[in-house]
Amino acid sequence: MPTVLAGEHESAFNQLMDETTEALALAKASPDLDDLAACMAVAVLKMSLAMHFVEQQHAGFGKDVEEKRQRVMQAMQSWH
């Protein structure tokens, strides 16, 4: 199976994704709203950085993600 990224970029991407997972785990265990906000802010930042690595080698990736996010949001709204 081919990798999305190669070499140094793959390693950095994997680290960012691991850090994102860790930030989300911390958010899940956050005892108060300030901690939750801080952990979620870190997770969003890490996801943005990871997307940037992919965008560098696969132009249009960020746009594709945004289009899919919009479709998911529309689908979720139709459930309510």
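Anything mentioned here points back to the structure above.
Since we're looking at a predicted model, the values are computed, not measured.

Visitor: Teacher, can you tell me more about the overall build of the protein chain here?
Guide: The helix and strand tally for the protein chain stands at three helices and zero strands. Taking 80 residues into account, the globule formula puts the C-alpha radius of gyration at 12 Å, and the protein chain, at 15 Å, lies well above it. Taking the principal axes of its C-alpha atoms as reference, the protein chain extends roughly 40 × 30 × 20 Å. A total of 80 residues make up the protein chain; the buried ones form 14% of that total. The long-range share in the protein chain, meaning contacts at least 24 apart out of those at least 6 apart in sequence, stands at 52%. Carbon and sulfur atoms make up 63% of the accessible area of the protein chain, which amounts to about 6200 Å² in all. Charged side chains of the protein chain number 6 positive and 12 negative; the gap between the two group centres comes to 10 Å.

Visitor: So what exactly am I meant to see when it comes to the pattern of salt bridges here?
Guide: Opposite charge on two side chains lets them pair, provided their charged atoms get close. Evaluation of the coordinates by the stated rule reveals four salt bridges. The partner of Lys-46 in a salt bridge is Glu-19, and the shortest N-O contact between them spans 2.5 Å. In this pair, Lys-46 is assigned in helix α2 (residues 33-57) and Glu-19 in helix α1 (residues 7-28), connecting sequence segments 27 residues apart. Across the pair Lys-68 and Asp-64 runs a salt bridge, and its minimum N-O distance is 2.9 Å. Taken together, the positions of Lys-68 and Asp-64, both in helix α3 (residues 61-79) and four residues apart, correspond to about one turn of that helix. On the accessibility criterion, Lys-68 (40% relative accessible area) is partly exposed.

Visitor: What exactly am I supposed to notice about α2 here?
Guide: Along an α-helix, a turn takes 3.6 residues, which lines up residues three or four apart on a common side. With 25 residues, α2 extends 37 Å from end C-alpha to end C-alpha; this agrees with the ideal 36 Å at 1.5 Å per step. Contact partners of the buried residues in α2: α1 and α3.

Scoring rules and cut-offs
The numbering scheme is per chain: residues are counted from 1 as the chain's sequence reads. It should be noted that, the model being predicted, local features are given only for residues of pLDDT at least 70 and side-chain atom pairs only at 80 or more, the latter also being counted only at that level, while totals for whole chains, interfaces and linings use all residues. The side-chain figures draw on all heavy atoms in the structure; neither hydrogens nor water molecules are used. Secondary structure elements are defined from DSSP: runs of H or I of at least 4 residues count as helices, runs of E of at least 2 residues count as strands, and each element is numbered from the N terminus. Only C-alpha atoms enter the radius of gyration, while the globule expectation follows 2.2 Å times N to the 0.38, with N the number of residues. Whether a residue is buried, partly exposed or exposed follows from its accessible area with a 1.4 Å probe, protein chains only, as a fraction of its type maximum: under 20%, in between, or over 50%, in that order. By the convention used here, residues are in contact when the closest approach between their heavy atoms is within 4.5 Å. Only the protein chains shown count as cover for residues, and the accessible areas themselves come from Shrake-Rupley with a 1.4 Å probe. When charges are tallied, Lys and Arg are placed among the positive residues and Asp and Glu among the negative ones, while His and the ends of the chain are skipped. A charged residue contributes its charge at one atom only: NZ of Lys, CZ of Arg, CG of Asp or CD of Glu. For salt bridges, the criterion is a side-chain nitrogen of Lys or Arg within 4 Å of an Asp or Glu carboxyl oxygen. Given the number of residues in a helix, its expected span is that number minus one, multiplied by 1.5 Å.

Remember that the coordinates give geometry; whether it matters functionally is a separate question.
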